[in-house]
Amino acid sequence: MSPSRPPANEKKDAQADTRSIGSSSSDSGDDDRLLEIGYVPSFKREFSNIATISFAFSIMGLCSSVATTFNSPLFLGGPASVTWCWILGATMCFTLGASIAEIVSAFPTCGGLYTASAQLVPKRHRPIVGWVVGWLNILGQILGLSSTEFGLANMIWSAVVVGKDGNFTITPGKSVGLFAGLLILHGILNCLATRQLARLTTGFVFVNIGATLIIIIVLLSTTPRSEMHSASYVFGSEGFVNQTGGWNNGIAFLFGLLSVQWTMTDYDATAHISEEVKRAAVAAPSAIFIAVIGTGLIGWLLNIVLVLCSGSLDDLANSSVASGSAFLDIMVLRMGKPGALFLWAFVCMTAFFVCQTALQAASRTVYAFSRDKGLPDRGFFGHVSSWTQTPLRAIWFVTLIGILPGLLDLASTIAVNAIFAMTAMALDLSYIIPIFCRRWYRNHPEVKFVPGPFYMGDGIIGWIANVNCILWTLFVCVIFALPTYLPVTGETMNYAAPITGGVILLSLVWYVIGGHRHYKGPQSNRTDLDKPTLVGDDALITPPPLAEKAEGTVQVV
């Protein structure tokens, strides 16, 4: 049941509470919109347009993400798979990014698609949909942070291997130790106040794109024309190689999607800081849109150049000083060891920025889920520190939980890779559920989707983008689930699908057994409304019709 409209004086009190956290008058539109959704703002809005765009670019970590995933398409499907699968995947990711952006524009909260998903279904489905999407998104983000941090640790050790001409052994203890230290460092950095985080984040995009463009230029300038591969090798049949051990050529080629799909994920991370963004309904979705296009196009150019300058595949695979990263080995081949290691430091720095932004986004998701009683913590992690105006408890929860998957490497490399494998699948599934629900329940009387400033419309363009991204994501999840080498053994088995399915099943069992007692779906934390509207069958309060100005006029949104 929709609550009655609050009296003007109570609404003024809620707005007064909002201003008390430090919002300026220029942010009143953002705060009023958040109040309409059902939440009293808890953060300071310090992220400018450039800081938000930088955040969106940084979460994808172009050159570092390519560096850690380049081996898969190159050695499974060959150079042609690298180049064509990247642009194919990037184009499809563009439709997913645009679909996410328009939902984020309509629901600019730190809950992101989790909060939106529960608002895009009928009331009776809101708790279960919010529960599943929330847990998929949280686990995907935490495991994504953990896997990226683990990848950064191995990138640093790879540089040591190259620096010592192969006379260095990377042990599980060294990898896990560096991984845990880096994650704790990121936890400390995320304890900064929002203003410092925004200033720090602003420079990330310049390092990210700058390092990528410099690597492209240096590779082209240091590779003799006679040693560059032909167009047929880069784009044609000459560059197709099936090294999967038994898969047909079509599947081997499609394994090239693993790199681009891993790189271009966590789109909604920008949504999770939207309560810290100025003009969030415009800035957050625009940043997602710009970052997806920029990462797709620049990433394609980077992959083309890497293949063009790669030399022999056999030499890369059998080099006596192979670092384990074909990306780094190509740089060493063309630039020499000193130049390659110098630029590799910036690639590692880009990965460092990915982890910094990923931890910030994940902590805001945990905060939002705890605020809505999705965690059995009585709202403990849904607390904002009065000192930094950030969710310190959620930050350290994510940091400490994020260390746990990496510890598995001490016992089994297979185990840690199996856990990390579910990251992209869990995140992508959490994205398409609200997109599907928005279309499926578009005419339901209890579902009222009010578009934000970023909107593709209800015509053919919007439909094509939404349907395409749903079908594409389901298709890619099948590719994610396939073992990359045949025959399948304990070492080559891909555990992504069973682990992701197990997580969904366990979350449903948990909800039935006990979760339904404390979680009713996203719940308002506004104190100016009647208490009965905050609990019960409704997931989140139906927004008041419009926000009242202090002088009693109505603000049209």
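Each value, and the rule that gives it
- Residues numbered from 1 in each chain as written.
- Predicted model: local features only at pLDDT ≥ 70, side-chain atom pairs only at ≥ 80, totals over all residues.
- Heavy atoms only, no water.
- Helix = DSSP H or I, 4+ residues; strand = E, 2+ residues; numbered from the N terminus.
- Buried < 20%, exposed > 50% of the residue type's maximum accessible area, 1.4 Å probe, protein only.
- Contact = heavy atoms within 4.5 Å.
- Areas by Shrake-Rupley, 256 points an atom, 1.4 Å probe, with all protein chains shown as cover.
- pLDDT = per-residue confidence, 0-100.
- Phe/Tyr/Trp six-rings, centres within 6.5 Å; stacked < 30°, edge-to-face > 60°.
- Lys NZ or Arg CZ within 6 Å of the ring centre and 35° of its normal.
- Salt bridge = Lys/Arg side-chain N within 4 Å of Asp/Glu carboxyl O.
- Expected span 1.5 Å × (residues − 1).
- Arc of directions from axis to C-beta.
- Polar contact = N/O pair within 3.5 Å; in protein donor to acceptor, adjacent residues only side chain to side chain.
- Patch = residues over 30% accessible without salt bridge, like charges linked within 9 Å, V, L, I, M, F, W, Y side chains within 5 Å.

Caption draft 1: Structural context of the overall build of the protein chain. Helix and strand counts for the protein chain stand at 23 helices and two strands. By the burial criterion, 58% of the 557 residues in the protein chain qualify as buried. Residue pairs in contact within the protein chain that sit at least 24 positions apart in sequence constitute 80% of those at least 6 positions apart. Split by element, the accessible area of the protein chain, about 20,800 Å² in all, is 67% carbon and sulfur.

Caption draft 2: Local environment of the confidence of the model for the protein chain. When pLDDT is averaged across the protein chain, the result is 87; 89% of the residues are at 70 or more. Segment residues 1–26 is flagged for pLDDT under 50; beyond a separation of four residues in sequence, or across chains, it makes 48 contacts in the model. Ignoring residues within four places in sequence, the model shows residues 531–539, a span with pLDDT below 50, making 18 contacts including any to other chains.

Caption draft 3: Local environment of the packing of aromatic side chains. According to the stated counting rule, one finds 28 aromatic pairs in the structure shown. Measuring from ring centre to ring centre gives 5.8 Å for Trp84 and Phe235, while their planes differ by 65°; the resulting arrangement is edge-to-face. One end of the pair, Trp84, is in helix 6 (residues 79–106); the other, Phe235, is in helix 12 (residues 231–235), with 151 residues separating them in the sequence. Overall, Phe235 belongs to the partly exposed group, its relative accessible area being 32%. An aromatic cluster is built from Tyr114, Trp131, Trp135, Phe369, Trp510, Tyr511 and Tyr519, whose rings are joined through pairwise contacts. Taking the ring centre of Tyr39 as reference, the NZ or CZ of Arg371 above it sits at 3.8 Å. Across the ring face of Trp463, the terminal group of Arg439 is positioned such that the distance to the ring centre comes to 4.4 Å.

Caption draft 4: Looking closely at the pattern of salt bridges. All told, the structure shown has nine salt bridges when counted by the stated rule. Of the charged contacts in the structure, one is a salt bridge between Glu46 and Arg195, with a shortest N-O distance of 3.5 Å. One end of the pair, Glu46, is in the loop between helix 2 (28–37) and helix 3 (49–60); the other, Arg195, is in helix 10 (residues 194–202), and 149 residues separate them in sequence. Judged by relative accessible area, Arg195 falls into the partly exposed class, the value being 43%. With its nearest N and O atoms 2.6 Å apart, the salt bridge here joins Asp458 to Arg439. One end of the pair, Asp458, is in the loop between helix 21 (422–440) and helix 22 (460–481); the other, Arg439, is in helix 21, with 19 residues separating them in the sequence.

Caption draft 5: Just the environment of Phe47, in detail. If you trace the backbone, Phe47 turns up in the loop between helix 2 and helix 3. In this structure the C-alpha to C-alpha distance between Phe47 and Glu276, which are 229 residues apart in sequence, comes to 6.0 Å. Apart from the residues within four sequence positions on either side, Phe47 is in contact with Thr52, Phe55, Thr194, Leu197, Ala198, Thr201, Ile273, Glu276, Val277, Lys278 and Gln360.

Caption draft 6: Region of interest: the side chain of Ser259. Relative to the assigned elements, Ser259 resides in helix 14 (residues 257–263). With a relative accessible area of 2%, Ser259 lands in the buried category. The residues contacting Ser259, other than those within four sequence positions of it, are Thr69, Phe70, Pro73 and Trp86.

Caption draft 7: Up close: helix 11 (residues 204–222). End to end, helix 11 covers 27 Å across 19 residues, agreeing with the expected 27 Å (1.5 Å per residue, within 8%). Listing the buried residues of helix 11 in full gives Phe204, Val205, Asn208, Ala211, Thr212, Ile215, Ile216 and Leu219. Along the long axis of helix 11, the arc covered by the buried residues comes to 155°, so they all point the same way. Facing away from the buried side of helix 11 by more than 90 degrees, the exposed set consists of Phe206, Ile217 and Ser221. Buried positions along helix 11 lie against helix 3, helix 4 (62–69), helix 10, helix 15 (280–308), helix 17 (326–335) and helix 18 (337–371).

Caption draft 8: View of the environment of Ala418. Tracing the sequence through the fold places Ala418 in helix 20 (residues 413–420). Judged by its relative accessible area of 10%, Ala418 falls in the buried class.

Caption draft 9: The arrangement of the side chain of Thr365 in detail. With respect to the element layout, Thr365 can be found in helix 18. At 2.8 Å, the side chain of Thr365 and the side chain of Gln141 are in polar contact. Each residue touching Thr365, except ones within four places of it in the same chain, is listed here: Cys110, Asn137, Ile138, Gln141 and His272.

Caption draft 10: Broad picture of a nonpolar patch on the surface. On the surface, a cluster of nonpolar side chains totalling about 350 Å² of accessible area is made up of Ile401, Leu404, Leu407 and Leu410. Along the polypeptide, Leu404 turns up in helix 19 (residues 392–407).

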